[in-house]
Amino acid sequence: MPEETLRPFTFDIIRAENVILNTYDNHIKRSLSAMRNQYHDEKAYEALLNQQDYMLYEVYEVKRPEIAGELLQGISIVHPGKVGDEFFMTKGHFHSELDTAEVYYCLQGEGLMVMETPEGEWAVEKLIPEKVLYVPPRWAHRSVNTSRNEDLVTFFVYPGNAGHDYGSIEKQGFRKLVVEREGEVQVIDNPRWLPPEAR
Ligand code: PA5
Ligand code: NI
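For the structure given in this document, a descriptive report is provided here. Just so we're clear, the structure is a prediction, and the values are computed from it rather than from any experiment. (Residues numbered from 1 in each chain as written. Chains lettered and ligands numbered in written order. Predicted model: local features only at pLDDT ≥ 70, side-chain atom pairs only at ≥ 80, totals over all residues. Heavy atoms only, no water.)

1. Some details on the coordination of the nickel ion (ligand 2)
- Ligation of the nickel ion (ligand 2) by protein atoms is provided by His93 (NE2), His95 (NE2), Glu102 (OE) and His141 (NE2), these donors lying 2.1 to 2.3 Å from the ion.
- Bound by six donor atoms, the nickel ion (ligand 2) shows angles of 50 to 171° at the metal and therefore irregular coordination geometry.
- Since its relative accessible area comes to 3%, Glu102 is described here as buried.
- On the basis of relative accessible area, His141 is assigned to the buried category, the value being 2%. (Donors = N, O, S within 2.8 Å, 3.2 Å for Na, K, Ca; no water. Tetrahedral: all angles 85-135°; square planar, octahedral: opposite > 155°, others 65-115°. Buried < 20%, exposed > 50% of the residue type's maximum accessible area, 1.4 Å probe, protein only.)

2. Focus on the layout of surface pockets
- In this structure, the largest pocket encloses a volume near 290 Å³.
- What lines the largest pocket is a set of 20 residues, among which Val59, His93, Tyr104, His164 and Tyr166 lie closest to the centre.
- When the residues that make up the lining of the largest pocket are grouped by side-chain class, the tally is eight nonpolar, seven polar and five charged. (1 Å grid on protein atoms, 1.4 Å probe; cavity = no way out; pocket = protein on both sides within 12 Å on 5 of 7 lines; lining within 4 Å. Points joined across faces, edges and corners; volume = space filled by probe spheres on them. Nonpolar A, V, L, I, M, F, W, Y, C, P; charged D, E, K, R; others polar.)

3. Considerations on the site of ligand 1
- Taken together, 15 residues lie near ligand 1, and Tyr57, Gly92, Glu102, Tyr104 and Tyr166 sit nearest.
- Taking Arg30, its side chain carries an N or O atom lying 3.2 Å from an oxygen atom of ligand 1.
- His164 is positioned with one of its side-chain polar atoms (N or O) 3.0 Å from an oxygen atom of ligand 1.
- Contributing elements (two or more residues each) for the shell around ligand 1: β4 (55-62), β8 (102-108) and β13 (152-159).
- Residue classes in the shell around ligand 1 are distributed as six nonpolar, six polar and three charged. (Near = heavy atom within 4 Å. Polar contact = N/O pair within 3.5 Å; in protein donor to acceptor, adjacent residues only side chain to side chain. Helix = DSSP H or I, 4+ residues; strand = E, 2+ residues; numbered from the N terminus.)

4. Section: the pairing of β4
- With seven of eight residues buried, β4 is to be regarded as a mostly interior element.
- With six bridges joining them, strand β3 (residues 26-31) and β4 adopt antiparallel strand pairing. Its bridge partner being in β4, Arg30 is matched across the sheet by Tyr57.
- Two elements, β4 and strand β5 (residues 71-78), share six bridges in a ladder whose sense is antiparallel. (Pairing = 2+ DSSP bridges.)

5. Some details on the sheet that holds strand β12 (residues 140-145)
- Across the sheet, which stays open at both edges, the three strands sit in the order β10-β9-β12 with antiparallel pairing between neighbours. Taken across any chain shown, the strands that pair with only one partner, and hence form the sheet edges, are β10 (122-127) and β12. Neighbour-to-neighbour, the strand axes of this sheet turn through a mean angle of 20°, independent of strand direction.
- Bridge count for strand β9 (residues 111-116) against β10 is six bridges, and the pairing is antiparallel. Looking across to β10, one finds that Met113 is bridged to Glu125. (Axes fitted to C-alpha atoms, helices over the stretch in contact; angles between N-to-C directions.)

All we've got here are geometric facts, nothing functional implied.
Put into structure tokens, the structure is as follows:
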């Protein structure tokens, strides 16, 4: 075995009051100010931001080289809350290397994964504890926390060479939005979304 060969390693998911990894290399925090133009109710966004730059979600990453053959892993924690009637969510992205997939395993909370292809096909899958979600190659993905009071915690694994492409999502968002209306979680059309041929 060559000297530089990496030895197998383990890490623990600690299910304390806040779920965390016992070892990680990177802790990403995204607050409201990093989500400008992502929520459909712009007035509600500005009003909430005036109150406080609330923390929306956090990611703990285990670093590996960003090359094909490696796998990147970590946990994502979306806090509960809403901007207007729209639930807190991640930015969402395509993988820069479009033909790469991702696996999510839900550890805690309840939410939805909103997904779509570059052609505009869409899908929404429920995330609840012990649910495993396979996001196939080519599908953009965004985690949405639909709980009133609990964090949505997922473990994820994706190829080292995948990369994150936020471009088109930042411009017009996903085709579907997740809102609370009449006390219910609803998946509605995003009025800003245009089909690929109309962009
Ligand atoms: O690669 C993934 O899908 C996750 O690690 C996400 O990056 C994480 O959930 C945060 O979402 P986003 O990168 O869209 O802000
Ligand atoms: Ni991804």
